[in-house]
Amino acid sequence: DIGIDPYVEERSYTPEETGTYWGKWRARNPYYTLWQVDIYSGYLVDGAFDISNFSKRTYQIESVSGPSSGTFGIKAQDPLKSVDDKRAQVPKPSPGQLSAALNSTATSFSLSRVADATSYPASGYIRIDSEVMSFTRVDEVFTVVRNEYGTGAASHDDDSTVQLCYQKTSETLPDVIEDILVNYTAVDSSYIPKAEWDAEAAAYLPGLITGIITEPTGVNKILKEL
């Protein structure tokens, strides 16, 4: 790194002539997580390379090890590994809590901290204990319709968690899956062949999806159910 190394004049050795390629690579690239790795498998024709004779698999770097004892390791994962149930959930756990106890007939409440309100949209569905409510929100104040989805209106203690629900009405299967992967996992949208999914669904999976998920559930489990 002569030219950019501020300590080059203080060294008693020539950096270009010492160390290893991978040791220097790791020093120069500390932020490698999720870098794309493409692995091509195929064959040569009369010793010549032709990309049409190769297939590509794409991975993302998860970790590196070494260099140690002459070896350097790169651990890469399939991009869909990020849908692991421990890494991604729908809906995401919500931070808000009731600022005061809520009786079974109240139609509004406030969160205990104003900052928590930024985790909720202006309207939607929430779950407190086992009761689902629809809501509209202005800052930390929620105006609610009780007993949605037949869950029954009940009283709730202060500091009860106000969990945002994931709700869809009359949407196609590809639309729902794309929304989950893009907004609830680390899967890059470039890995999602949405046009192909739409064509497949139009031919073999007609119909629309309506439903609600009221507590954080692993993405992998949801995708299997879908």
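Basis of the calculations
- Residues numbered from 1 in each chain as written.
- Predicted model: local features only at pLDDT ≥ 70, side-chain atom pairs only at ≥ 80, totals over all residues.
- Heavy atoms only, no water.
- Helix = DSSP H or I, 4+ residues; strand = E, 2+ residues; numbered from the N terminus.
- Rg over C-alpha atoms; globule rule 2.2 N^0.38 Å.
- Buried < 20%, exposed > 50% of the residue type's maximum accessible area, 1.4 Å probe, protein only.
- Contact = heavy atoms within 4.5 Å.
- Areas by Shrake-Rupley, 256 points an atom, 1.4 Å probe, with all protein chains shown as cover.
- Lys, Arg positive; Asp, Glu negative; His and termini not counted.
- Charge placed at Lys NZ, Arg CZ, Asp CG, Glu CD.
- Patch = residues over 30% accessible without salt bridge, like charges linked within 9 Å, V, L, I, M, F, W, Y side chains within 5 Å.
- Salt bridge = Lys/Arg side-chain N within 4 Å of Asp/Glu carboxyl O.
- Phe/Tyr/Trp six-rings, centres within 6.5 Å; stacked < 30°, edge-to-face > 60°.
- Lys NZ or Arg CZ within 6 Å of the ring centre and 35° of its normal.
- Pairing = 2+ DSSP bridges.
- Axes fitted to C-alpha atoms, helices over the stretch in contact; angles between N-to-C directions.
- Parallel < 35°, antiparallel > 145°, perpendicular 65-115°, else oblique.
- Nonpolar A, V, L, I, M, F, W, Y, C, P; charged D, E, K, R; others polar.

Summing up its helical and strand segments, the protein chain has four helices and 12 strands in all. Here the C-alpha atoms of the protein chain give a radius of gyration of 26 Å, more than 25% beyond the 17 Å that 2.2 N^0.38 yields for 226 residues. Taken along its principal axes, the extent of the C-alpha atoms in the protein chain is 75 × 55 × 30 Å. Within the protein chain, the fraction of its 226 residues that count as buried is 29%. A fraction of 56% describes how many contacts in the protein chain between residues 6 or more apart in sequence connect residues 24 or more apart. Carbon and sulfur atoms provide 50% of the accessible area of the protein chain, an area that totals close to 14,100 Å². Between the averaged position of the 19 positive side-chain charges in the protein chain and that of its 32 negative side-chain charges there is a distance of 5 Å.

The next point concerns a nonpolar patch on the surface. A contiguous nonpolar surface patch, about 430 Å² in accessible area, is contributed by Tyr40, Leu44, Phe49 and Ile51. You can see Ile51 is positioned in the loop between β1 (36–42) and β2 (54–68). Exposure remark for Ile51: the relative accessible area of 47% places this residue in the partly exposed category.

Take the packing of aromatic side chains next. By the definition in use, this model includes 12 aromatic pairs. Ring centres 4.4 Å apart and planes at 10° place the aromatic pair Trp22 and Phe72 in the stacked group. Note that Trp22 is positioned in helix α1 (residues 21–28) and Phe72 in strand β3 (residues 71–77), a separation of 50 residues in sequence. Of the residues examined, Trp22 reaches a relative accessible area of 33% and is grouped as partly exposed. Grouped by ring-pair contacts, the aromatic residues Tyr21, Trp22, Trp25, Tyr32, Trp35 and Phe72 constitute a single cluster. Looking at Lys92, its charged tip hangs above the ring of Tyr184, at a distance of 5.6 Å from the centre.

One open sheet holds the three strands; their spatial order is β1-β2-β3, and the pairing between them is antiparallel. Because the sheet does not close on itself, it has two edges, and the strands there are β1 and β3. Ignoring which end each strand starts from, the neighbouring axes of this sheet average 50° apart. Direction of pairing for β2 relative to β3: antiparallel, over a ladder of six bridges.

The geometry of helix α2 (residues 173–184) relative to helix α3 (residues 194–204) is characterised by a closest axis approach of 9 Å and an angle of 150° between their N-to-C directions. With respect to α3, the axis of α2 lies roughly antiparallel. Only Lys194, Trp197, Asp198 and Ala201 of α3 make contact with α2, whose side of the interface consists of Pro174, Asp175, Ile177, Glu178 and Leu181. When its residues are assigned to classes, the contact of α2 with α3 shows five nonpolar, no polar and four charged.

What is shown is where atoms sit, not what they do.
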